[in-house]
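The residues making up each chain are set out below.
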Amino acid sequence: MPMFIDTSPPGQCIFCRLVSGDIPSAKVYEDALTIAFMDLGQVNPGHVLVATRRHAATLLDITAEEAAAVMQTAQRVARAVQAVFDPPGLTLLQANGREGDQTVFHFHLHVVPRHGGDGIALSWPRKEPGAEVLRGYAERLRAVLVTP
């Protein structure tokens with residue numbers, strides 16, 4: 001992901017300032033739980049960020065209701081991006097934590113129109129640990145999953 005670091009003073013999240021109207025933005029959509037606005041670092045025309053209105057740093061900090069609302073807004077925005085910009089593909093991207101390449105620590109999702117040769121690379125090395133190891137991972141996860 002392109003490197004943008006939020007240089008806002010501590011306690012002054014740039015997205016919170018945007019939600020409150022303290023800084024301008026090119027809003028696309030908003031409702032009680034979400035806000036969608038144009039990314040200043042447009043990868044391709046129509047690149048939109050969908051964020052929670054309430055400050056929450058990562059996916060692990062939002063409620064199930066907020067998670068559902070963000071995905072519903074992202075789908076709505078993606079349909080609009082498709083209708084207006086007609087890209088041959090779309091990528092939804094969401095990063096958590098510095099090591100996950102998150103650069104603004106307010107939960108958000110990128111809706112990125114995609115074109116061949118647009119310079120975006122979403123690849124990683126396959127490690128293929130084997131079926132037995134995968135079953136072990138699944139078992140460990142099932143043991144801690146909590147039904148909502």
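Since we're looking at a predicted model, the values are computed, not measured.

1. A closer look at the pattern of salt bridges
- All told, the structure shown has six salt bridges when counted by the stated rule.
- The partner of E132 in a salt bridge is R135, and the shortest N-O contact between them spans 3.0 Å. In this pair, E132 and R135 are both assigned in helix α3 (residues 131–144), three residues apart and thus about one turn of the helix distant.
- Among the residues examined, E132 registers a relative accessible area of 58% and is labelled exposed.

2. Notes on the sheet that holds strand β1 (residues 27–30)
- What the five strands build is an open sheet, ordered β1-β2-β3-β5-β4; its pairing is antiparallel. With partners counted over all chains shown, the strands left at the sheet margins are β1 and β4 (89–93), one partner each. The average undirected angle you get between the axes of adjacent strands in this sheet is 15°.
- Of the pairings in the sheet, the one linking β1 to strand β2 (residues 34–38) comprises three bridges and is antiparallel in character. Note on β2: the bridge partner recorded for Y29 is A36.
- Its contacts with the sheet place helix α2 (residues 64–85) against β1, β2, β3 (48–52), β4 and β5 (108–114), and it is angled at close to 160° to β3.

3. A word on the nonpolar core
- Core analysis: the largest hydrophobic core is formed by 13 residues, its most contacted members being A36, V48, V50, V70, A74, V77 and V111.
- Where this core is concerned, the elements lending two or more residues are β3, α2 and β5.
- If one sorts the elements of this core by residue count, α2 sits on top with five residues.
- Contacts of V50, omitting those with residues within four sequence positions, involve I35, A36, V70, T73, A74, V77, F107, H108, L109 and V111.
- With 11 residues, the next largest nonpolar core counts C13, I14, I35 and F37 among its residues.

4. What about α3?
- Compared with the 20 Å implied by 1.5 Å per residue over 14 residues, the 21 Å span of α3 between its first and last C-alpha is a close match.
- Burial runs low along α3: only zero of the 14 residues are buried.

5. Some words on the packing of aromatic side chains
- Evaluated as defined, the whole model comprises one aromatic pair.
- An angle of 80° between the planes, with centres 5.2 Å apart, marks the rings of F15 and F37 as edge-to-face. Taken together, the positions of F15 in helix α1 (residues 14–20) and F37 in strand β2 put the pair 22 residues apart, joining distant regions of the chain.

How each quantity is defined
- Residues numbered from 1 in each chain as written.
- Predicted model: local features only at pLDDT ≥ 70, side-chain atom pairs only at ≥ 80, totals over all residues.
- Heavy atoms only, no water.
- Salt bridge = Lys/Arg side-chain N within 4 Å of Asp/Glu carboxyl O.
- Helix = DSSP H or I, 4+ residues; strand = E, 2+ residues; numbered from the N terminus.
- Buried < 20%, exposed > 50% of the residue type's maximum accessible area, 1.4 Å probe, protein only.
- Pairing = 2+ DSSP bridges.
- Axes fitted to C-alpha atoms, helices over the stretch in contact; angles between N-to-C directions.
- Contact = heavy atoms within 4.5 Å.
- Core = buried A, V, L, I, M, F, W, Y, C linked by side-chain atoms within 4.5 Å.
- Expected span 1.5 Å × (residues − 1).
- Phe/Tyr/Trp six-rings, centres within 6.5 Å; stacked < 30°, edge-to-face > 60°.

No statement about biological role is implied by the geometric values presented.
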